Structure formats: structure tokens, C-alpha cells
Amino acid sequence: MTSIEECTNIIATSPFWIQFSATIKVVLNGSNLSSILCYGLGNFFESIQSKYQLGLLLTIKNEFKVKNCYVYDPKFTDAERTHLAEVGCDSLCENEEGKRNLLPGTFVYMPHCPKQLFNNLLWANWNKEILTSCIIVCNSIDQTVTSTLDRILNKYAYYVKKISPYVIEKKCCDNFIYDDVFNDMSLHIFPDEKLKELENIFWERGKEPMYDNDELEFITKFECMSFQS
């Protein structure tokens, strides 16, 4: 079985990484990343897709010399959390459901995460100064909005839908050796020239999002408590 180290080396020497890292450098334009926040890696000791997704996280961390890297997945095992600590990543202790306040300059990496998680992250950071300073790599916003019924968006991804016209999206290139690892993912930036034109009323934030647990892909903090009890 391919090791995490091998997967990381494959990523770091791939045409996929050459193109992807060049895109990040253009977006950064000489500035530095303050931290990395990663959700949704899954069980990387078991899944080859998760191994490569972790490999990309570590390659970003190393290439851009990011010291602070915070990682969470409700399915992590103790052994996986130990491994993350060994490679310089801090495992968050509790399921915040994505409602974490970002520091300016954060690189958010959410491989194939449910739309509710991204919606929560936007809700928690519904502020143009924060969003314009961050980079978010996740499932394509454009694809999510155009392929999902409005009633589903309004229920599970209201903030994703609301911000979608003001995002610049750069698709992750599809030239990785496996087509099910980074497929449908894009790098998203929130340009100041678009966001500053929005009226203050646009940035008024509604109440904390809550969801019916009829969507099994999204694991709530209450479900995590039941796993642990």
C-alpha cells in the first residue's frame, strides 16, 4: 500500500502541483499565508484518496512555509491524530461544524466537504475584510449553485448562494494521475473590487445555521458527542 510519504512526494513532483502552486503564488502576489485550516480529510490511514489529499496539504504547508496548520475531521482515529502531530499539524479537539473565525491570510482546504460545512464557514466569517484576505479550496461554488435546486440551496447553502456572484474561481487542474482525488474542486478568492461595492445590508448576518439531520454527509457536533459516549 502506498504510504503517506510516497503520496506526498508524488504530489510535490507532479504537473498538477506545478500548475496549482503557480496559481496560488499569483493569488498571493508576494504576501504570505498566516495559517492553514483543513476540514474533511477522512481516514487517511485507510483511504488512498485521503492519503493524496493529505499529501497536498503537507505540500502546501512545506512549499509556503506555513507554521500553523489546523486540521479536523470527526472520523479521525487516535493514530491519525498522532500522525498529524508528527508532521506538524494541530488536530482541533471538537467539531466546530465549520463555524470557526478565520485569521486574515488563512488558506482553507476542504476536499470534497458537504455544502453545509462551507456554508457554516461563510456564516462565521461573513465579513468582507476577512474574506478578501483568504483563499478557499473546496468543491466548486459555481457547480454547487448551478447544479442544486434553489430550495436546497436556501436550506443548506444560503451563504454559498449569496456570495457566488462575487467569487473568482480557478478550477483545480484535472491532470492528476487519479481523477477521483481533486475532481470538482476549485480555488476561490473574494476580490476586494467586487466585495467593496456591496451595500452594508448585504453583510448583515442571519441566525446561526442549523440543519435537519436528514443529510447524512454532514456530521453535527451532537452526533460527534453520541459517537464518543
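Treat the numbers as computed from the prediction; the structure is a model and nothing was measured.

**Quick word on the pairing of strand β2 (residues 69-72)**
Item 1. As paired elements, strand β1 (residues 35-39) and β2 share four bridges and run parallel to each other. Considered in β2, the bridge of Ile-36 is made with Cys-69.
Item 2. As for the winding sense of the linkage, the β-α-β connection from β1 through helix α3 (residues 48-63) to β2 is right-handed.
Item 3. Bridge count for β2 against strand β3 (residues 90-91) is two bridges, and the pairing is parallel.

**Overview of a nonpolar patch on the surface**
Item 1. Among the surface-exposed residues, Ile-10, Ile-177 and Tyr-178 lie close enough to one another that they form a single nonpolar patch of about 280 Å² accessible area.
Item 2. Looking at where Ile-10 falls in the secondary structure, it is placed in helix α1 (residues 4-12).

**Considerations on the packing of aromatic side chains**
Item 1. Inspection of the entire model under this criterion finds 16 aromatic pairs.
Item 2. Arranged with centres 5.7 Å apart and planes meeting at 70°, the rings of Phe-44 and Phe-76 form a pair that is edge-to-face. Of the two residues, Phe-44 is situated in the loop between β1 and α3 and Phe-76 in the loop between β2 and α4 (78-86); the sequence distance between them amounts to 32 residues. Side by side, Phe-44 and Phe-76 carry an identical accessibility label, which is buried.
Item 3. An angle of 80° between the planes, with centres 5.0 Å apart, marks the rings of Phe-202 and Trp-203 as edge-to-face.
Item 4. Residue classification places Phe-202 among the buried positions, given a relative accessible area of 12%.
Item 5. Taken together, Phe-16, Trp-17, Phe-20, Tyr-52, Phe-64, Phe-176 and Phe-182 form an aromatic cluster joined through their ring pairs.
Item 6. We note Lys-162 situated over the ring of Phe-202; from NZ or CZ to the ring centre the distance is 4.8 Å.

**Observations concerning the side chain of His-83**
Item 1. Inspection of the secondary structure assignment puts His-83 in helix α4.
Item 2. Among the residues examined, His-83 registers a relative accessible area of 18% and is labelled buried.
Item 3. Not counting the four nearest positions on each side in its chain, His-83 is found in contact with Ile-4, Phe-44, Phe-45 and Leu-54.

**A few points about the pairing of strand β5 (residues 135-139)**
Item 1. Among the five residues in β5, four count as buried, and that is most of the element.
Item 2. The sheet contact formed by strand β4 (residues 106-109) and β5 spans three bridges and is parallel. Its bridge partner being in β5, Val-108 is matched across the sheet by Ile-136.
Item 3. Relative to strand β7 (residues 185-189), β5 is paired through five bridges, and the arrangement is antiparallel. Residue pairing in the sheet places Ile-135 in a bridge with Ile-189 of β7.

**Things to note about a negative patch on the surface**
Item 1. Side chains of Glu-129, Asp-192, Glu-193 and Glu-197 sit close together on the surface and give a patch of like negative charge.
Item 2. Along the chain, the position of Glu-193 falls in helix α10 (residues 192-195).

Calculation criteria
- Residues numbered from 1 in each chain as written.
- Predicted model: local features only at pLDDT ≥ 70, side-chain atom pairs only at ≥ 80, totals over all residues.
- Heavy atoms only, no water.
- Pairing = 2+ DSSP bridges.
- Helix = DSSP H or I, 4+ residues; strand = E, 2+ residues; numbered from the N terminus.
- Right-handed = clockwise from strand over helix to strand, strands pointing away.
- Patch = residues over 30% accessible without salt bridge, like charges linked within 9 Å, V, L, I, M, F, W, Y side chains within 5 Å.
- Areas by Shrake-Rupley, 256 points an atom, 1.4 Å probe, with all protein chains shown as cover.
- Salt bridge = Lys/Arg side-chain N within 4 Å of Asp/Glu carboxyl O.
- Phe/Tyr/Trp six-rings, centres within 6.5 Å; stacked < 30°, edge-to-face > 60°.
- Buried < 20%, exposed > 50% of the residue type's maximum accessible area, 1.4 Å probe, protein only.
- Lys NZ or Arg CZ within 6 Å of the ring centre and 35° of its normal.
- Contact = heavy atoms within 4.5 Å.
- Lys, Arg positive; Asp, Glu negative; His and termini not counted.
- Charge placed at Lys NZ, Arg CZ, Asp CG, Glu CD.

Fair warning: the whole summary comes from geometry, so function is off the table for now.
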